[in-house]
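Results of the structural survey
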Amino acid sequence: MAKPKVATASLAGCFGCHMSILDIDERILQLIELVDFDKSPVDDIKEFTGRCAVGLIEGGCCNEENVRVLKDFRKHCDILISVGECAICGGIPAMRNTIPLKECMDEAYRNGPSVYNPTGVYPNDPALPLVLNKVYPCHEVVKIDYHLQGCPPPADTIWQALVALLTNKPMDLPYELIKYD
Amino acid sequence: MSELEQGIRQICATFHNDKSRMMDIVQAVQARFGCVSSVALDLIAKAVGTARVEVESTVSFYTFLTDQPKGKIVIRLCSDVIDEMFGMGPVARAFEDALGIKVGQTTPDGAITLEWTACIGMCDQAPAAIINDTVVTYLSTDKAREIVAELRKSGDPRKLVHRLGDGHNAHPLVRSMVHNSIRRKGPVVFADLPPGSALRKALAMSPVEVIRDVKTSRLRGRGGAGFPAGMKWEFTRQSEGERKIVICNADEGEPGTFKDRVILTEYADLLFEGMAIAGYAIGAKEGILYLRGEYAYMRPLLDHILQVRRDAGLLGREVCGKRGFDFDIRIQLGAGAYVCGEETSLISSCEGLRGDPKNRPPFPAQKGYLGCPTSVNNVETYCCVARILDRGPGWFAEIGSKGSPGTKLFSVSGDCASPGVYEYPFGVKLIELLRDVGAEDAAAVQVGGPSGHLVGPADYNRSLEYDDLATGGSIVIFNKDRNVVHVVRKYLEFFVEESCGYCTPCRVGNVLLLQKIEDILHGRGTPADLAYLEQLAKTVKVTSRCGLGQTSPNPVLSLLKSFRPVLEALVKPQADEFLPTFDIRAALGSTEDLIGRKSVVFTP
């Protein structure tokens, strides 16, 4: 029987959660025994090659490209997991949600102290994805099945969650892994 | 010294510069100077010897208190679902048009402020509003325009009252257009009692015997929870501490409840008699009547009745000549906070603090008002006590059902022929009550207010008593043309507004429940949302700190239980990967306008 497939993506995040995935260290070899990686920065596969058992999402949605990728993940994955603060709550990028969009854009591209932009034009290359009116956590855009908290979630939490899901066993997270204060 | 400083010093001195009387102090300051301004906060803090933040925390908590100047006249429209059903929407617009402002604003000349307020206890004569302390009932768009014209002319809301209500509503100290609407009298509450007759009988016994009688009568608290009153008194009596307190909870804030308003108007003597008996039984010298701010119009009458009782020797030193038994009652006026109906919040409010609930244990019977053992009972409970001592516990226990002796007052409103207050023996079937009030065709009945249960015809054969359909007395009736999901939305809006914000499950959970109900109402709900609602509602119930959050999800849970098909008809499966609540066009629109190019990924 073919191994189940796992896909991952970093949306509006810092790649910290992906670093935490890699932090499972040598257990990645065990993981490879259990699963194949599909679309993911880990193997640099850009588009889905087929249906996946699990999708791990880092980061929330700050632009249309994030939304497109997230929608694609929902379409191809049986189970979708929000990994980390940004995917779950928007995180640091969502700090802009309290500031009107125009003010944000002006500060970033027109008036900021380190900005040199004599024409005052916003970056507008068609290749640049449009930003959204605010940063959305993933579960406000598509249905998310599970949330793994942390900034980033410890490697052991991610490992335990994946193994539990793929072996269809209850997840056993010791208190230390879900305690954040 | 400025006029403000002088005034504040004077007011604080009236209350002995006692910070536990903060509620009275800030209300007096606001009555005199229009608001409790930033400068006033400092002056009050200085006068009573506390920190400014303590004063500010009280002022900012209550709806009726403000640190910003408002109009000389404040029109508060009742936002209850009943008022909306009976035409408050057009009435509010008529007020807005006539005043040239929106709800929440003040006229440019600073004369009139228009705002919403939660249920004011006039559901039987909706739509209604409070203008300063004057209640106006049965509003219409024409009346709204007339009211504005009269207020502009005279500047005195009291002049709006032309025809007086029945009974004591027409008393010179009340002069209100409110009607009692007593539709059915029973033997316990709505019956005459010569002042002092029950109290004298009680004083002829020992306090322990009085408690024994109350226990024998098996009287349970009328506020809704149904805790045995005798047991509460016994705990309070046995608790350590010389100073003990009797409090009457007249903060009748549960939307759809107005029976206490009628008791306070017509049977205040019975209530005060019951409080004095409680004082004797538990060994208290002090009684406090916590009167909701909405009922301030009755205060002069209540003060008068207290004085008459003092003059007759029924209150004060050596009550009825009984040596060693001194007992007096003061009125503590609330300022528009539903949560203060919860007994520990009510105690906080009496102490001059924000109406935050307290942790239990210790229970109020152990450590309540200012740390003293305190017994808090409902208005109706004290009335029952007076009757029990007059007629005997056996007589009382014979009335009603086995687990719920006595009678109960029901405040009936909504889609029925005869709204008003009904006294029935406990155990009456809901269908009997619906027949009597002219609402046999009711499609849904909210029993016990928003924190109670919404039931449909399948439950009409159940009986109204603690062991079946428990209620603090509110019965709100909806006919088949009403949208029950909308009713639940209105109730959730109420809880979101009234949550004190102390604990997260209540502060956040109710907002999430409301959002989901709104999504479902707007056709953005999916079948999975029903399971979500149920789970969230149960979490809020189990994890909230006080009775507010422990009951606020009840409308949602009753909806899921009794009206599931209505919800199922509103939800629909998701069309694509996006949640129905996510609108990509709305998310991109403002950027497209700002940048001046359309999305190529998500084309309109």
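Residues numbered from 1 in each chain as written. Chains lettered and ligands numbered in written order. Predicted model: local features only at pLDDT ≥ 70, side-chain atom pairs only at ≥ 80, totals over all residues. Heavy atoms only, no water.

1. What to know about the packing of helix α10 (residues 229–238) of chain B against helix α12 (residues 268–282) of chain B
All names here are of chain B. Axis separation between α10 and α12 bottoms out at 8 Å; the angle between their running directions is 45 degrees. Taken together, α10 and α12 sit at an angle that is classed as oblique. Listed contacts from α12 to W233, T236 and R237 of α10 are A278, Y280, A281 and I282. Per-class residue counts for the contact of α10 with α12 are five nonpolar, one polar and one charged. (Axes fitted to C-alpha atoms, helices over the stretch in contact; angles between N-to-C directions. Helix = DSSP H or I, 4+ residues; strand = E, 2+ residues; numbered from the N terminus. Parallel < 35°, antiparallel > 145°, perpendicular 65-115°, else oblique. Contact = heavy atoms within 4.5 Å. Nonpolar A, V, L, I, M, F, W, Y, C, P; charged D, E, K, R; others polar.)

2. As for the environment of V26(B)
Residue and element names in this part refer to chain B. Topologically, V26 is positioned in helix α2 (residues 22–33). Residue class for V26 comes out buried when judged on its relative accessible area of 0%. For the pair V26 and V59, spaced 33 residues apart in sequence, the C-alpha separation works out to 7.2 Å. Discounting residues that sit within four places of it in the chain, V26 has contacts with V36, I44, V55, V59 and L65. (Buried < 20%, exposed > 50% of the residue type's maximum accessible area, 1.4 Å probe, protein only.)

3. Some thoughts on the nonpolar core
Residues and elements named next belong to chain B. In terms of nonpolar packing, the biggest core is built from 106 residues, with L271, F272, L289, F327 and L389 touching the most fellow members. Top contributing element to this core by residue count: α12, with eleven residues. In terms of nonpolar packing, the next biggest core, distinct from the first, is built from 46 residues, L4, I8, C350 and V376 among them. (Core = buried A, V, L, I, M, F, W, Y, C linked by side-chain atoms within 4.5 Å.)

4. Some remarks on the interface of chain B and chain A
On the chain A side, the residues contacting the 20 residues of chain B number 25 residues. With both sides pooled, the region where chain B packs onto chain A buries about 2,000 Å², and carbon together with sulfur makes up 69% of that total. Contact with chain A buries surface across chain B, with E577(B), L594(B) and R597(B) losing the most and accounting together for 33% of the total. Joining chain B to chain A, the criterion identifies one salt bridge. Taken together, the links from chain B to chain A amount to seven residue pairs in polar contact (both at pLDDT 80 or more). For the side of chain B that touches chain A, the residue count by class is twelve nonpolar, three polar and five charged. (Buried area = accessible area lost by both parts, 1.4 Å probe. Salt bridge = Lys/Arg side-chain N within 4 Å of Asp/Glu carboxyl O. Polar contact = N/O pair within 3.5 Å; in protein donor to acceptor, adjacent residues only side chain to side chain.)

5. Some words on the packing of aromatic side chains
The full count for this structure, using the stated rule, is 14 aromatic pairs over all chains. Residues F61(B) and Y62(B) carry aromatic rings whose centres are separated by 5.0 Å and whose planes lie at 75 degrees to one another, so their mutual orientation is edge-to-face. The exposure class of Y62(B) is buried, given its relative accessible area of 1%. Centroid distance F410(B) to Y424(B): 6.2 Å. Interplanar angle 55 degrees. Geometry classified as tilted. Of the two residues, F410(B) is situated in strand β10 (residues 407–414) and Y424(B) in strand β11 (residues 420–425); the sequence distance between them amounts to 14 residues. Residue classification places Y424(B) among the buried residues on the basis of a relative accessible area of 2%. The structure contains a cluster of three or more aromatic residues connected by ring pairs, namely Y136(A), F578(B), F582(B) and F602(B). One Lys or Arg, R76(B), reaches over the ring of F64(B) and ends 4.2 Å from the middle of that ring. (Phe/Tyr/Trp six-rings, centres within 6.5 Å; stacked < 30°, edge-to-face > 60°. Lys NZ or Arg CZ within 6 Å of the ring centre and 35° of its normal.)

6. Quick notes on the domain arrangement of chain B
Where interface size is given, it is often the accessible area lost as the parts come together that is meant. Residue and element names in this part refer to chain B. As far as domains go, chain B holds domain 1 (3–61), domain 2 (73–162), domain 3 (183–398), domain 4 (410–478) and domain 5 (484–570). Between domain 2 and domain 4, the residue contacts involve six residues of the former and nine residues of the latter. Interface of domain 2 and domain 4: buried area, both sides summed, is about 460 Å²; carbon and sulfur atoms make up 78% of it. Taken as a group, I82, M85 and D124 account for 69% of the area that domain 2 buries against domain 4, more than any other trio of residues on that side. Applying the counting criterion to the domain 2 and domain 4 interface returns zero salt bridges. Scanning the region where domain 2 abuts domain 4 turns up zero residue pairs in polar contact (both at pLDDT 80 or more). Its residues placed into classes, the side of domain 2 that touches domain 4 shows five nonpolar, no polar and one charged. (Domains from an automatic or database assignment.)

7. Re empty space enclosed by the protein
Residue and element names in this part refer to chain B. Summed over the entire model, instances satisfying the criterion amount to one cavity of 30 Å³ or more. Each pocket or cavity is described by its volume, and for the largest cavity that value is around 70 Å³. Forming the boundary of the largest cavity are 13 residues, of which P357, C500, C503, C506 and C546 lie nearest the centre. Classifying every residue of the lining of the largest cavity by side-chain character gives eight nonpolar, four polar and one charged. (1 Å grid on protein atoms, 1.4 Å probe; cavity = no way out; pocket = protein on both sides within 12 Å on 5 of 7 lines; lining within 4 Å. Points joined across faces, edges and corners; volume = space filled by probe spheres on them.)

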